[in-house]
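# Observations on the three-dimensional arrangement
Spelled out, the chains give:
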Amino acid sequence: MEHDRKGRGKTSRRGFLGQALTAAGTAIAAPSLLNQTSNAQDSSQMAKDNMQVTLNVNGKQQSLTIEPRVTLLDALRDRLGLVGSKKGCDHGQCGACTVLIDGERVYSCLALAVMQEGKEIVTIEGLAKGDTLHPVQAAFIENDGFQCGYCTPGQICASVALLDEIKRGCASVVTPDLTRPPQLAELSEAEIKERLSGNLCRCSAYNGIVAAVQQVAGQNPPSPLANLIFSEPEETRA
């Protein structure tokens, strides 16, 4: 601080720049401090809002402390290590996350974990009995019902539910006679495709998937090779 002859304060250029840099540093640091404070408050609030829930997954009781907005899919994958159910679209559009809840197929990405207490949840990991595969799992292998395998857990769970629906006499939009729901032995390809339309396969292994369902239904599905068309190249024809 310099003083003129009358004793009044006068800021030098060096002093002014120092003050400006100090003010700028404070302005930059303030939002960071505010964000840290806000994040700490959010974490504290989330911890306060956490809920204790006990889920029955594959026959085992699993106790979790989770935030109410956690989906069943995230709880299964991130908290319980059951990564068979896949996160595809995360919007209930692809079916890769399909699991069974009380025997019904459910998109686990759209179901809140805290709402499943007291229900029986079965994932792809819970279908086999020890080293013995579920009949649907075995049929998928025998009929080439998968390629990359990403959608396969959801496809298999949906197929298990489909067969149970037929046994319960459930009709679909393509059932010709609603007073006479289809039986397993007469389950048509159109019925299977319609009932599995909520599960997408980007590899297009649909023929094998349909054949797997037909096999478990007690039908004689076509051979996986039956859908392949072999033709002689044009340049070799006489």
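Everything that follows concerns the structure shown earlier in this document.
Residues numbered from 1 in each chain as written. Predicted model: local features only at pLDDT ≥ 70, side-chain atom pairs only at ≥ 80, totals over all residues. Heavy atoms only, no water.

## Looking at the nonpolar core
- One finds Leu100, Leu127, Ile156, Leu162, Ile192, Leu196 and Val213 to be the most contacted residues of the largest nonpolar core, which totals 26 residues.
- Element by element, the count of residues in this core is highest for helix α4 (residues 152-167), at 8 residues.
- The contacts of Ile156, once residues within four sequence positions are left out, are Ile124, Leu127, Val136, Gln137 and Phe140. (Core = buried A, V, L, I, M, F, W, Y, C linked by side-chain atoms within 4.5 Å. Buried < 20%, exposed > 50% of the residue type's maximum accessible area, 1.4 Å probe, protein only. Helix = DSSP H or I, 4+ residues; strand = E, 2+ residues; numbered from the N terminus. Contact = heavy atoms within 4.5 Å.)

## Overview of helix α2 (residues 72-79)
- Three or more residues of α2 are buried, namely Leu72, Leu73, Ala75 and Leu76.
- Where the residues of α2 are buried, they touch β3 (51-57), β4 (60-66), β5 (98-101) and β7 (120-122).
- Downstream of α2 by one or two residues, Gly81 has phi in the positive range, about 75 degrees.

## Structural notes on the pattern of salt bridges
- As enumerated under the stated definition, the model contains 8 salt bridges in all.
- Between Arg180 and Glu186 there is a salt bridge, with the nearest N and O atoms lying 3.2 Å from each other.
- One salt-bridge network, in which partners are shared between bridges, spans Arg105, Glu165, Glu191 and Arg195. (Salt bridge = Lys/Arg side-chain N within 4 Å of Asp/Glu carboxyl O.)

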